[in-house]
Amino acid sequence: MAVSSTQVQFDSLFGLFTYLAVAVGIVVFSLLIYFIVKYRERPSSRQPDDTPILGKMPISRGHARSVVLTLSLSTLIIVPLIVGSFGAIDNILTPPQHVCQGCAIEVTAHQFYFQFTYDNGTKPYHTRDILRVPVGENVRLSVTSEDVFHDFGIIGYNIKTDAIPGRTNTIWFYPETTGNFTIQCFEFCGVGHYTMKGTLMVMSQAAYFSWYNSTVVH
Ligand SMILES: [Cu+2]
């Protein structure tokens, strides 16, 4: 089930990698088994003609055709993976210019929690480990850090980015379904790293905007 734009994109890319890897694996292991059986040692076996022998010039093999074939097949497999990967990176690193009021949020990492600041200045304290967003809207996060390197990640969304002091990394996503998802720091940042968790709460638009409009700026 689709939960967010990023999850759909990365899952389909992961699927492409997996299917191609399985296809290559089947071909490689089938050939391996076939050749093991075909060229097994028998009483009648003799050395192949091109066996290297000390003191003799090796016979040139001239397998240009298999080189061309191997290179073309590898290229055919690798090109879609490269194009898919760069497409996904480009998509995730190009946030929409305009997001709705309430959909641009700053994420500031601290040892050991994430502080979320909404675009009206709201900075929830008592529920500071909850990131609220509306379903069905593009959401843009500007991620930075106050102290050491952290990494902000949303597990179910297959998305994360580094939180680095003095630098802002921007990511975005489009939540497809309401629900709660785990936020976690993905970079060892000190003794409390394991406690550095939060919850992404994807709310219905009505519930989100009534919460957003009820917030007061501290
Ligand atoms: Cu951390």
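Described in the following lines is the structure provided in the data block. (Residues numbered from 1 in each chain as written. Predicted model: local features only at pLDDT ≥ 70, side-chain atom pairs only at ≥ 80, totals over all residues.)

**Thoughts on the overall build of the protein chain**
Phase 1: Helices and strands together make up the secondary structure of the protein chain, namely three helices and nine strands.
Phase 2: Radius of gyration (C-alpha) of the protein chain: 27 Å, far over the 17 Å computed for a compact globule of 218 residues.
Phase 3: Taken over the C-alpha atoms alone, the protein chain extends approximately 90 × 35 × 30 Å along its principal axes.
Phase 4: Within the span of the protein chain, comprising 218 residues, buried residues form 21% of the whole. (Helix = DSSP H or I, 4+ residues; strand = E, 2+ residues; numbered from the N terminus. Rg over C-alpha atoms; globule rule 2.2 N^0.38 Å. Buried ≥ 20, exposed ≤ 12 C-beta atoms within 10 Å, placed from the backbone.)

**Some remarks on the nonpolar core**
Phase 1: V107 and L200 are the most contacted members of the largest nonpolar core, which has 31 residues in total.
Phase 2: Setting aside chain neighbours within four positions, we find V107 in contact with F114, F116, L141, S142, V143, F152 and A163. (Core = buried A, V, L, I, M, F, W, Y, C linked by C-beta atoms within 7 Å. Contact = placed C-beta atoms within 7 Å.)

**Considerations on the sheet that holds strand β1 (residues 104-110)**
The strands that make up a sheet are held in pairs by hydrogen bonds between backbone atoms, and each pair lies either parallel or antiparallel.
Phase 1: In space, the four strands of this open sheet follow the order β2-β1-β4-β7, with mixed pairing throughout. Across the chains shown, the open sheet's two edge strands, defined by having one partner strand only, are β2 (113-118) and β7 (169-173). Averaged over all pairs of adjacent strands, the angle between their axes in this sheet comes to 25 degrees, without regard to strand direction.
Phase 2: Of the pairings in the sheet, the one linking β1 to β2 comprises six bridges and is antiparallel in character. Note on β2: the bridge partner recorded for T108 is Q115. (Pairing = 2+ DSSP bridges. Axes fitted to C-alpha atoms, helices over the stretch in contact; angles between N-to-C directions.)

**A look at the environment of I155**
Phase 1: With respect to the secondary-structure elements, I155 resides in the loop between β5 (150-154) and β6 (159-163).
Phase 2: Residue classification places I155 among the partly exposed positions, given that 15 C-beta atoms sit within 10 Å.
Phase 3: Along the backbone, I155 and L141 are 14 residues apart, and their C-alpha atoms lie at a distance of 15 Å.
Phase 4: Once residues within four sequence positions are removed from consideration, I155 is found in contact with F181, T182 and Q184.

**Remarks on the sheet that holds strand β9 (residues 197-203)**
Phase 1: Overall, mixed pairing links the five strands, which are arranged β3-β9-β8-β5-β6 in an open sheet. The sheet is open, and its two borders are formed by β3 (130-134) and β6, each paired with just one other strand. Here the strands of the sheet are splayed against their neighbours by 20 degrees on average, with no regard to which way each runs.
Phase 2: In terms of strand pairing, strand β8 (residues 179-185) meets β9 through six bridges, oriented antiparallel. Pairing of G179 across the sheet is with V202, part of β9.

**Examining the pairing of β2**
Phase 1: A one-sided burial pattern is seen for β2, the buried positions being F114, F116 and Y118 and the unburied ones Y113, Q115 and T117.
Phase 2: Adjacent in sequence and paired antiparallel, β1 and β2 are bridged by two residues.

**Regarding unusual backbone geometry**
Note: most residues except glycine have negative phi, and most peptide bonds are trans.
Phase 1: In this chain, Q111 is followed by F112 through a cis amide linkage whose omega measures 5 degrees.
Phase 2: Mapped onto the elements, F112 comes out in the loop between β1 and β2.
Phase 3: Phi at N158 is positive, roughly 55 degrees, even though this residue is not glycine.
Phase 4: Position of N158 among the secondary structure elements: in the loop between β5 and β6.
Phase 5: Residue N158 is classed as buried on the basis of its C-beta count, with 20 C-beta atoms lying within 10 Å.

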